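Take a look at the letters that make up each chain.
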Amino acid sequence: MHANYIAGQWLEGAGATRNINPSDVSDVIGEYAHAAPEQVAQAVESAREAAGEWGHATATRRAECLDAIGAELQRRKDELGRLLAREEGKTLPEAVGEAARAAAIFRFFAGEALRVRGERLPQARAGVDVEVTREPVGVVGLITPWNFPLAIPAWKIAPALAYGNAVVFKPADLVPGCAWALAEIISRAGLPAGVFNLVMGRGSVVGQAMLDDPRIDALSFTGSVATGRQVAQSAVRRFAKVQMEMGGKNPLVVLDDADLGQAVECAIQGSFFSTGQRCTASSRLIVQRGIHDRFVAAMKERMAALRVDDALRPGTDIGPVVDARQLQQDEEYIRIGRQEGATLALGGRRVTREKDGHYLEPALFTDCRNDMRICREEIFGPVAAVIAAADYEEALALANDTEFGLSAGICTTSLKHATHFKRHAQAGMVMVNCPTAGVDPHAPFGGRKGSSYGPREQGAYAAEFYTTVKTAYTVA
């Protein structure tokens, strides 16, 4: 039994989750304890008690702890990547890359702990000095999704600790293994007891207990729009600080002047890698009519060469869907797309492999309209819809015609169109001639409209959420 980590101790909970490998459903990775509501309360209390000491610790001490975590993640990236591939279904190279990314995030924020900036402002009144400083928020509740079980916890936990906050961390119930492994590393990094707490279990129990606890000063959430609304309502009701990332329906525009091979690779990687289970995935491919037919033909040829198989098998391009429920959702959207009149140009069928797993061919729809459900709703699977556009202006309008605004991409050799798109795409992140999925630890992450709410994640911009500003006046 893998226990919860509360107040510096490993504690069993109320029930447990059996962690199943989606590449081989007979493979049980382990059992992971559920935290009872009273244990969540205990974790919050321990964080509250520890927050003062950690908030006043030297920047050097915080930096050393985070650097130690990052160094161990880097040393063990192959081992942790293998665990991630078994648990979530990413291919092994992608999973090892995610473990390395988590390491880089902790090491980046080890440096940021030493770079917390303030200001000394000019005197407006004679003899009165003005200083502006940043201080920790206090106790931060972190709720993370299943699709990046190391990277997303890392980019929430690392800045929270770097800026002096105490943490109560709830991972997705579907992927407790990576969260537990990360917590075990953090438990040995030299933090005072209570500064970091791991509470595993279902969102309806553990997550709700966190939302309802007035002692949590800030909540950072990544997940669905529906759950995000609940998080926002709970936070605003008690004036807690809130930060949310809730998905996307990201466009990749391909203009007639694009390099065809480059555009196809951007679409393949953005739409189908990580089994399409990324909030930044290119689920809408908006293609100018002059290149449309050649693009679709090249996509089909490239897709036919992709191997869907066990995430740990060498040569696998796309691993399984994360679980049976998500697989059913993907198949339902494929059925909906065909009912709406879109053409299933390739893929979209379940496939069988040596081991019993949740395998699905990537699906490409053509003859799509932007008002179809498959073009409006986030599917979160390896399904992409091609929408034809007459010219750049129509393509831009289609790209922006969505309730989401996380990531948007364009493939073009026109500096004019690339520059215009960067300015006018209604998204928090814009990619030119590269996939819509793929971000760096030192750059801000987040979107607009229905994709995000609150300050950005990652990079130096993380300070906006994990710190609060204090202005001090002193009579000289």
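Structural data are supplied above this passage.
Rules and cut-offs
Residues numbered from 1 in each chain as written. Predicted model: local features only at pLDDT ≥ 70, side-chain atom pairs only at ≥ 80, totals over all residues. Heavy atoms only, no water. Helix = DSSP H or I, 4+ residues; strand = E, 2+ residues; numbered from the N terminus. Rg over C-alpha atoms; globule rule 2.2 N^0.38 Å. Buried < 20%, exposed > 50% of the residue type's maximum accessible area, 1.4 Å probe, protein only. Contact = heavy atoms within 4.5 Å. Areas by Shrake-Rupley, 256 points an atom, 1.4 Å probe, with all protein chains shown as cover. Lys, Arg positive; Asp, Glu negative; His and termini not counted. Charge placed at Lys NZ, Arg CZ, Asp CG, Glu CD. Core = buried A, V, L, I, M, F, W, Y, C linked by side-chain atoms within 4.5 Å. Axes fitted to C-alpha atoms, helices over the stretch in contact; angles between N-to-C directions. Parallel < 35°, antiparallel > 145°, perpendicular 65-115°, else oblique. Left-handed = near helix turned anticlockwise from the far one by under 90°. Patch = residues over 30% accessible without salt bridge, like charges linked within 9 Å, V, L, I, M, F, W, Y side chains within 5 Å. Salt bridge = Lys/Arg side-chain N within 4 Å of Asp/Glu carboxyl O. Phe/Tyr/Trp six-rings, centres within 6.5 Å; stacked < 30°, edge-to-face > 60°. Lys NZ or Arg CZ within 6 Å of the ring centre and 35° of its normal. Pairing = 2+ DSSP bridges. Polar contact = N/O pair within 3.5 Å; in protein donor to acceptor, adjacent residues only side chain to side chain. Expected span 1.5 Å × (residues − 1).

**Some thoughts on the overall build of the protein chain**
Then, in step 1: Along the protein chain, the regular secondary structure elements total 15 helices and 20 strands.
Then, in step 2: Computed over C-alpha atoms, the radius of gyration of the protein chain comes to 23 Å, within 12% of the 23 Å expected from 2.2 N^0.38 for 476 residues, which places it in the range of a compact globule.
Then, in step 3: Referenced to the eigenvectors of the C-alpha coordinate spread, the extents of the protein chain come out at roughly 70 × 60 × 40 Å.
Then, in step 4: Counting the 476 residues in the protein chain, one finds 58% classified as buried.
Then, in step 5: Sequence-distant contacts, at least 24 apart, represent 72% of the contacts inside the protein chain between residues at least 6 apart.
Then, in step 6: Entry remark: accessible area of the protein chain is about 18700 Å², with carbon and sulfur atoms responsible for 50%.
Then, in step 7: Here the protein chain contributes 52 positive and 57 negative side-chain charges, whose respective centroids are spaced 2 Å apart.

**A closer look at the environment of Phe404**
Then, in step 1: By the secondary structure assignment, Phe404 is in the loop between helix H13 (392–400) and strand S17 (407–411).
Then, in step 2: The spatial distance from the C-alpha of Phe404 to the C-alpha of Ala33 is 35 Å, given a sequence separation of 371 residues.
Then, in step 3: Residues within four places of Phe404 in sequence aside, it is in contact with Val225, Met246, Gly247, Gly248, Lys249, Arg376, Gln426, Arg448, Lys449, Gly450 and Ser451.

**Some details on the nonpolar core**
Then, in step 1: Grouped together as the largest cluster of nonpolar side chains are 72 residues, with contacts concentrated most on Leu73, Phe106, Phe109, Ile157 and Phe196.
Then, in step 2: Sequence-distant contacts of Phe109, that is, excluding residues within four places in its chain, are made with Leu66, Ala158, Pro159, Ala162, Tyr163, Gln458, Gly459 and Ala462.
Then, in step 3: Of all hydrophobic cores here, the second largest spans 31 residues; its members include Val253, Leu255, Ile336 and Cys375.

**What to know about the packing of helix H9 (residues 260–272) against helix H10 (residues 289–304)**
If you want to describe how two helices pack, look at the angle between their axes and the distance between the axes.
Then, in step 1: Here H9 crosses H10 at 55 degrees, and the two axes come no closer than 10 Å. With respect to each other, H9 and H10 are oriented oblique. Crossing of H9 against H10: the hand is right-handed. Contacts between H9 and H10 pair Leu260, Ala263, Val264, Glu265, Ala267, Ile268 and Phe272 from the former with Ile291, Arg294, Phe295, Ala298, Met299, Arg302 and Met303 from the latter.

**A word on a nonpolar patch on the surface**
Then, in step 1: Together, Ile20, Val25 and Val28 give the surface a local cluster of nonpolar side chains, amounting to about 170 Å² of exposed area.
Then, in step 2: The exposure class of Val25 is partly exposed, given its relative accessible area of 30%.

**Considerations on the side chain of Asn400**
Then, in step 1: In this structure, Asn400 sits in helix H13.
Then, in step 2: For Asn400, the contacting residues outside a window of four places in its chain are His424, Ala425, Gln426 and Lys449.

**Focus: the packing of aromatic side chains**
Then, in step 1: Evaluation of the coordinates by the stated rule reveals nine aromatic pairs.
Then, in step 2: Aromatic side chains Tyr5 and Trp10 sit 4.7 Å apart centroid to centroid with 45 degrees between the ring planes, which places their arrangement in the tilted category.
Then, in step 3: Of the residues examined, Tyr5 reaches a relative accessible area of 9% and is grouped as buried.
Then, in step 4: Note on Trp155 and Phe445: the rings are 5.0 Å apart at their centroids and 40 degrees apart in plane angle, and the pair reads as tilted. Linking Trp155 in helix H5 (residues 151–162) with Phe445 in the loop between strand S18 (429–432) and strand S19 (452–453), this pair joins segments that are 290 residues apart in sequence.
Then, in step 5: An aromatic cluster of at least three residues, connected via ring pairs, comprises Tyr5, Trp10, Phe169, Trp180 and Phe196.
Then, in step 6: Positioned above the aromatic ring of Phe148 is the side chain of Arg101, whose terminal nitrogen or guanidinium carbon lies 5.9 Å from the ring centre.
Then, in step 7: Here Arg115 stacks its cationic end above the ring of Phe108, 6.0 Å away from the centre of that ring.

**Some words on the sheet that holds strand S5 (residues 119–121)**
Then, in step 1: The three strands are arranged S5-S6-S20 in an open sheet whose pairing can be described as antiparallel. Where the open sheet ends on each side, the last strands, each with one partner, are S5 and strand S20 (467–475). Taken pair by pair, the neighbouring strands of this sheet meet at an average axis angle of 25 degrees, ignoring direction.
Then, in step 2: As defined by bridge partners, S5 adjoins strand S6 (residues 128–136) across three bridges and the pair is classed as antiparallel. Paired with Glu119 across the bridge in S6 is Val132.

**Description of the side chain of Asn147**
Then, in step 1: Residue position: Asn147 is located in the loop between strand S7 (139–143) and H5.
Then, in step 2: At 3.1 Å, the side chain of Asn147 forms a polar contact with the backbone oxygen of Gln277.
Then, in step 3: Not counting residues within four places of it along the chain, the set of residues in contact with Asn147 comprises Glu88, Lys90, Glu98, Ile152, Gln277, Arg278, Cys279 and Phe380.

**Some points on helix H3 (residues 77–88)**
Then, in step 1: Counted at 1.5 Å a residue, the expected span for H3 with its 12 residues is 16 Å, and the 16 Å between its end C-alpha atoms agrees.
Then, in step 2: Within H3, burial applies to Leu80, Gly81, Leu83, Leu84, Ala85, Glu87 and Glu88.
Then, in step 3: Tucked into the core, H3 has its buried residues touching strand S3 (16–21), strand S4 (24–33), helix H2 (59–75), helix H4 (92–112) and helix H6 (176–187).

**Focus: the pattern of salt bridges**
A side chain with one charge can pair with a side chain of the opposite charge if their charged atoms come near.
Then, in step 1: Per the counting criterion, the structure on display carries 29 salt bridges.
Then, in step 2: Residues Asp27 and Arg86 are paired through a salt bridge, measuring 2.8 Å at the closest nitrogen-oxygen approach. Taken as a pair, Asp27 in strand S4 and Arg86 in helix H3 lie far apart in primary sequence, 59 residues in all.
Then, in step 3: Look at Arg86 and you get partly exposed, because its relative accessible area is 23%.
Then, in step 4: Asp129 is paired through a salt bridge with Arg120; the nearest N and O atoms lie 3.1 Å apart.
Then, in step 5: With relative accessibility at 18%, the residue Asp129 sits in the buried group.
Then, in step 6: Connected via shared salt-bridge partners are Glu72, Arg76, Glu79, Glu184 and Arg188.

Note that every value here comes from positions in space, so none of it alone points to a role or purpose.
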